[in-house]
Amino acid sequence: MQASRVVIVGTGGTIAGVAGRADDLVDYRAGTLDAADLVAAVPTLAGELLETETLARLDSSDMDHATWLALHARLVALLQRADLAGVVVTHGTDTLEETAYFLHRTLAAPRPVVLTAAMRPATALSPDGPRNLADAVAVARTPGAGGVVVAFGGRVLAGHEVRKVHGFALDAFSTGDAGPIAVSEQGALRLLRAWPQAPLHAAATRLSAAHAAGAAAPLAWPRVDIVTSHAGADGRVIDALLAAGTQGIVVAGTGNGSVHAALDAAARRALARGVRVVRASRCQLGGVVGARADALPSYGVLTAAQARVELLLDLLADA
């Protein structure tokens, strides 16, 4: 018998937000509702084989490493269930791309792990969360689906490619040149390319060990910071981070990863002190393509936020 049960794990966000007035899209409390409340607001999900649990009630701008670790542990446990078709994770939009990238690089997901979110709170006059949640459940039930993906605005996006590109529009996410994996058409999915697969980062072993150790040996997360290059930049921010004990720095460069000369000099001082430094682009699309022989290293097309996660995992693996 084909597995058909979907577990919905809530972490908070605007999708679970409540405002004092139905037309207020700014002043609301994110993460107020739990996962069961979100399901109850979608009539088409009534009677489906669903389980709900609420892991956190965060505004995702406050997402932290401890919640990542708890979410990772819960997903590892859920994906071992034989009756499971897939998992849906409700999340805020602000750091969704970071959580999606983290899970893509550290989670073996032969069945789909589908993140979804909303740009409007649940009490808005026309909330987008119910449609996104219904689509996410449909993706989680899709035969042959797998990997970490995002269901949002009628599209299915790869977790390692997604980035937030708009501050308030309902189609706030993009995967740039890669395009969506699938689109939702009248309740059915039209697959456009293969489901995402990738070898796990070596840091996944550290996370598994942390799950086993629990509170007895809490995971020591490296400190990794992002610094932006801009007109008039200097090296004082990097010097301050060095004094504060940073272990890794992502320089979000202009255009194709260009870095102000003063900031570049400070970055090289950091390298000389054993701190890992990589470049990214502060542009949401395009990334860093090619490099001069003397340029700071980069992770290519990753955004600065994604590059920070990759560097964090590199440092975890090396510890």
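All chains use their own residue numbering, which begins from 1 and follows the written sequence. It should be noted that, the model being predicted, local features are given only for residues of pLDDT at least 70 and side-chain atom pairs only at 80 or more, the latter also being counted only at that level, while totals for whole chains, interfaces and linings use all residues. Working from all heavy atoms in the structure, the side-chain values ignore hydrogens and water.

A. Geometry of the packing of helix α2 (residues 65-78) against helix α3 (residues 96-106). Axis geometry follows a simple rule: fit a line to the C-alpha atoms, using only the stretch in contact for helices, then measure angles between N-to-C directions, giving values from 0 to 180 degrees. The way it works is that DSSP assigns letters per residue, a run of H or I at least four long becomes a helix, a run of E at least two long becomes a strand, and they are numbered from the N terminus. Taken N-terminus to C-terminus, the directions of α2 and α3 make an angle of 45°; their axes are 11 Å apart at the nearest point. Compared by their axis directions, α2 and α3 come out oblique. Handedness of the crossing formed by α2 with α3: right-handed. Residues W68, L71, H72 and L75 of α2 pack against E98, T99, F102, L103 and T106 of α3. Here the contact of α2 with α3 is built from residues that sort into 5 nonpolar, 3 polar and 1 charged. Oblique is the label for any angle not covered by the other classes, which are roughly parallel (under 35 degrees), roughly antiparallel (over 145) and roughly perpendicular (65 to 115). In this scheme, a crossing is called left-handed if the near helix is turned counterclockwise away from the far one by less than a right angle; it is called right-handed if the turn is clockwise. Residues count as neighbours in contact if any of their non-hydrogen atoms are within 4.5 Å of one another. Under the convention adopted here, Pro, Cys and the residues Ala, Val, Leu, Ile, Met, Phe, Trp and Tyr are nonpolar, Asp, Glu, Lys and Arg are charged, and Gly plus all remaining residues are polar.

B. Geometry of the pairing of strand β15 (residues 276-281). Between buried and exposed lies partly exposed: a residue is buried under 20% and exposed over 50% of the maximum accessible area for its type, with that area taken using a 1.4 Å probe on protein chains only. Across the 6 residues that make up β15, a large majority, 5, are buried. The criterion for strand pairing is that DSSP finds at least two bridges linking the strands in question. Strand direction decides the pairing type here: strand β14 (residues 248-253) and β15, joined by 6 bridges, are parallel. The residue bridging G248 from the neighbouring strand is R276, located in β15. Handedness of the β-α-β unit built from β14, helix α7 (residues 261-272) and β15 comes out right-handed. Consider the strands pointing away from the viewer: the crossover is right-handed when the path from the first strand over the helix to the second runs clockwise.

C. Quick peek at the sheet that holds strand β16 (residues 298-303). Pairing is parallel across the open sheet formed by 4 strands, whose spatial order is β13-β14-β15-β16. Only two strands of the sheet have a single neighbouring strand rather than two, namely β13 (224-228) and β16. With direction set aside, neighbouring strand axes in the sheet form an average angle of 30°. Examined bridge by bridge, β15 and β16 share 2 bridges and lie parallel to one another. Paired with S281 across the strands is T303, a residue of β16.

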